[in-house]
Amino acid sequence: MASYELVSFQTLGDERGSLIAIEKGYNVPFDIKRVYYIFDTKKGVQRGFHAHKNLEQIAIAVKGSCSFVLDDGNQREEKILDNPNQGLYIEGLIWREMKNFSEDCVLVVLASEHYDESDYIRDYNKFLEVIK
Ligand code: T46
């Protein structure tokens, strides 16, 4: 099973500004075991170029913007993240590439598992073989 979709988070706000709450069971469908964030990305850099065997993630550009190219082995699609009230949920064997990071981009990622390099498929041909 592999899928991805953009999800929306409700923005709570008042005259002081905005706030978004992320809570397991309400707007995140998995136990969050790890949070990491990507920032200070240099101009023109592309990241990712891998798939995960068993991982659910939600990526949120809490500041700035970037785009994800998502590939299920049959088709590639680009999703732009440019709003903190929007997250990209990715589950299972989806090849991802990230690019077009704005200078101020802070990309926060919520993950269902601890970091495990053996969960990564970093070779595109191997990815195509595995999803057959
Ligand atoms: C993903 C996309 C969206 C750790 O030690 N712990 C961690 O939790 C992570 C995520 C990475 N690392 C180490 C592994 C590498 O030596 O940090 C270094 C950079 O990781 P990587 O090259 O995998 O980073 P990206 O930006 O290509 O991919 C990351 C995540 O790794 C990946 O799971 O889906 O962001």
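Residues numbered from 1 in each chain as written. Predicted model: local features only at pLDDT ≥ 70, side-chain atom pairs only at ≥ 80, totals over all residues. Heavy atoms only, no water.

## Comments concerning the pairing of strand E8 (residues 76-81)
Here is step 1: Relative to E8, strand E7 (residues 66-71) is paired through 6 bridges, and the arrangement is antiparallel. Within E8, the residue paired with Phe68 across the bridge is Lys79.
Here is step 2: Counted along the chain from E7 to the antiparallel partner E8, the turn is 4 residues long, and its residue Gly73 has a positive phi close to 95°. (Pairing = 2+ DSSP bridges. Helix = DSSP H or I, 4+ residues; strand = E, 2+ residues; numbered from the N terminus.)

## Quick look at the sheet that holds E8
Here is step 1: Read from one edge to the other, the open sheet built from 5 strands follows the order E8-E7-E10-E5-E12, with strand pairing classed as antiparallel. Two strands lie at the open edges of the sheet, namely E8 and strand E12 (120-121), each paired on one side alone.
Here is step 2: With 3 bridges connecting them, strand E5 (residues 47-52) and strand E10 (residues 95-99) associate as antiparallel partners. By the bridge assignment for E10, His50 is matched with Arg96.

## Some details on the nonpolar core
Here is step 1: Formed by 16 residues in total, the largest nonpolar core has its most connected members in Phe68, Leu70, Leu81, Ile90, Phe101 and Leu107.
Here is step 2: Where this core is concerned, the elements lending two or more residues are strand E6 (56-63), E7, strand E9 (86-91) and strand E11 (106-111).
Here is step 3: For this core, the element with the most residues is E7, which contributes 3 residues.
Here is step 4: Those residues in contact with Leu107 that sit more than four places away from it in its chain are Tyr36, Tyr37, Ile38, Ala59, Ile60, Ala61, Cys66, Phe68, Leu81, Met98 and Phe101.
Here is step 5: The next biggest cluster of nonpolar side chains, apart from the first, holds 9 residues, and it includes Phe9, Val28, Val108 and Leu110. (Core = buried A, V, L, I, M, F, W, Y, C linked by side-chain atoms within 4.5 Å. Buried < 20%, exposed > 50% of the residue type's maximum accessible area, 1.4 Å probe, protein only. Contact = heavy atoms within 4.5 Å.)

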